[in-house]
Amino acid sequence: MQTGYFGEFGGAFIPEILHETFRRLTEAYEAARADPAFWNEYLRLMENYSGRPTPLTFAGNLSRQFGRRVYIKREDLNQTGAHKANNVMGQGLLMRRMGKTRAIAETGAGQHGMACATMAARMGFECVIYMGAEDVERQRSNVFWMERLGATVVPVTSGSRTLKDAVNEAMRDWVGSMDHTHYVLGTACGAHPFPEMVSWFQSIIGLEARKQILEAEGRLPTHVYACVGGGSNAMGIFQGFLDDPDVTLVGVEAGGKGLASGHHASRLASGSGAIGVAQGYKTFFLQNDDGQMLDTHSVAAGLDYVGVSPILAHLHASGRIRCEAATDREVLDALQRLMRQEGLIPALESSHAVAQAFKELPTLPPEAVVIINLSGRGDKDIFTIADALEDPGWRRYIRKKAADYSVNEA
Ligand SMILES: *Cc1c(COP(=O)(O)O)cnc(C)c1O
């Protein structure tokens, strides 16, 4: 098998000018991976800075209601509120090892940009975040924080002024700056070695979860649920259990308004994805018969992506993982239930995993032990959730703010 391939998926389809940069990155990554001191340094940093190991919380109320034991892996407790910290901190340490001093990244909703900006501030790197001009408008609070953290946010005005244009712009930057700059990719996608490298940093989730469930239950879980955007949090927790064939691994994509509606972001579960090559790698993309990328839809910005990790694509094609999709409606219901029953505030992305687990729990054998990966916390989603729930108090609040604002402006 060629390196960087998982079955027929993956690879590195990159412009000639970046070949040397990717070769050096792959070399640095492989050397770091072979050096136990690097992983120990990473573990110490994550303990000290990001609260690791994150708890595996027993959900007592839900367990009673469902009559099956339910555990929640608490990635929401990380620095900046999601598993993204695991990836950016790992790549930051690798940058140091490579002697690079400038970090660039693309961001859609701004969560990866935020995580990257905190990493760069702590490690003393210069930081430039490319963001579609449309997203800069929509995500004002994240832009504000990134700038306060010392990052430069560059609004990208080409194309559709969203994530994929920001990716192109970041690549253009890298071609001209690769000597001192590292491109901090945000998920387990893109050209080799990114899918493998990002999955390695995220494997900290699965390593911890495996140890924690064995301590708590004296046995492995029967089912593990994780949401799938690019696939990094799912890869993270799944790696704890890949070699245990009795553990069912379920990846949950964004079913949006329902698979039949065409408004979703499900590339694996629905069979609506088709194999293709784009953005440097081969995987299932949401595309039409002519290979044009389709618009994706999800209530969760972090799942709104046309591609998916080539490693997950392979695990799906080979039958090791099962892929499902949860609709926006199911996700909002699950989110409210988790809040009321357990006092947790999940991100909309993570709520997809919760929704699918809630759907399946009543049908599982009574001795089932379930882990749900809570990839992030929901504070960032307050506007979207309040809007989707048509909360009247919130509507009054927004109207009042708008009125205050126009008075102040005048
Ligand atoms: C970004 C994000 C995701 C999606 O990314 P993956 O690479 O699929 O994990 C999921 N959950 C949260 C909270 C996120 O911020």
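Residues numbered from 1 in each chain as written. Predicted model: local features only at pLDDT ≥ 70, side-chain atom pairs only at ≥ 80, totals over all residues. Heavy atoms only, no water.

Engineer: Tell me about helix α11 (residues 310-317), and please be specific about residues and values.
Structural biologist: Listed as buried for α11 are Pro310, Ile311, Leu312, Ala313 and Leu315. Where α11 is buried, its residues touch β1 (5-6), β2 (9-10), α9 (194-217), α10 (232-238), β12 (281-286) and β13 (321-327). Positive backbone phi, approximately 85 degrees, marks Gly319, located one or two places after α11. (Buried < 20%, exposed > 50% of the residue type's maximum accessible area, 1.4 Å probe, protein only. Helix = DSSP H or I, 4+ residues; strand = E, 2+ residues; numbered from the N terminus. Contact = heavy atoms within 4.5 Å.)

Engineer: Go over the site of the ligand with me, naming the residues and quoting the values.
Structural biologist: Among the 15 residues in the neighbourhood of the ligand, the closest are listed as Lys84, Thr187, Gly229, Ser232 and Ser375. A distance of 2.7 Å is found between an oxygen atom of the ligand and a backbone nitrogen or oxygen belonging to Gly229. One of the backbone N or O atoms of Gly231 is found 2.8 Å from an oxygen atom in the ligand. Broken down by class, the residue content of the shell around the ligand amounts to three nonpolar, 10 polar and two charged. In terms of domain composition, the shell around the ligand takes at least three residues from each of domain 1 (12-47 + 82-194) and domain 2 (53-81 + 203-388). (Near = heavy atom within 4 Å. Polar contact = N/O pair within 3.5 Å; in protein donor to acceptor, adjacent residues only side chain to side chain. Nonpolar A, V, L, I, M, F, W, Y, C, P; charged D, E, K, R; others polar. Domains from an automatic or database assignment.)

Engineer: Can you lay out the pairing of strand β4 (residues 69-74) for me, pointing to particular residues and giving the numbers?
Structural biologist: With respect to burial, β4 is a largely interior element, five of its six residues being buried. Pairing between strand β3 (residues 56-58) and β4: three bridges, direction antiparallel. Considered in β4, the bridge of Phe58 is made with Tyr71. Of the pairings in the sheet, the one linking β4 to strand β14 (residues 369-374) comprises six bridges and is parallel in character. Across the sheet, residue Ile72 finds its bridge partner in β14, namely Ile372. (Pairing = 2+ DSSP bridges.)

Engineer: Please set out unusual backbone geometry residue by residue, giving values where relevant.
Structural biologist: Following Arg52, the chain continues into Pro53 via a peptide bond in cis, with omega recorded as -5 degrees. With respect to the secondary-structure elements, Pro53 resides in the loop between α2 (36-50) and β3. Cis peptide bonds are those with omega within 30 degrees of zero, and the linkage from His192 to Pro193 qualifies with 10 degrees. When you line up the elements, Pro193 lands in the loop between β8 (181-183) and α9. In this structure, Thr80 takes a positive phi of about 60 degrees despite not being glycine. Mapped onto the elements of the fold, Thr80 is located in the loop between β4 and α4 (84-98). Located in the positive-phi region is Glu390, a residue other than glycine, with phi close to 50 degrees. Looking at where Glu390 falls in the secondary structure, it is placed in the loop between α14 (382-388) and α15 (392-409).

Engineer: So, the sheet that holds strand β7 (residues 152-156): which residues are in play, and what are the values?
Structural biologist: The sheet built from four strands is open, its strands ordered β7-β6-β5-β8 with parallel pairing. Among the strands making up the open sheet, the edge pair consists of β7 and β8. If you compare each strand with its neighbour and ignore which way they point, the axes differ by 20 degrees on average. Here α4 sits on the sheet in contact with β5 (102-107) and β8, set at roughly 150 degrees to β8. (Axes fitted to C-alpha atoms, helices over the stretch in contact; angles between N-to-C directions.)

Engineer: Which residues make up the domain arrangement of the chain, and what are the values?
Structural biologist: Annotation of the chain at the domain level lists domain 1 (12-47 + 82-194) and domain 2 (53-81 + 203-388). Using only C-alpha atoms to locate each centre, domain 1 and domain 2 end up separated by 24 Å. Listed per partner, the contact involves 22 residues of domain 1 and 27 residues of domain 2. For the domain 1 face of the interface with domain 2, the top three residues by lost area are Phe13, Ala82 and His83, together amounting to 28%. Here domain 1 and domain 2 share zero salt bridges between them. In this assembly, domain 1 and domain 2 are joined by five residue pairs in polar contact (both at pLDDT 80 or more). (Buried area = accessible area lost by both parts, 1.4 Å probe. Salt bridge = Lys/Arg side-chain N within 4 Å of Asp/Glu carboxyl O.)

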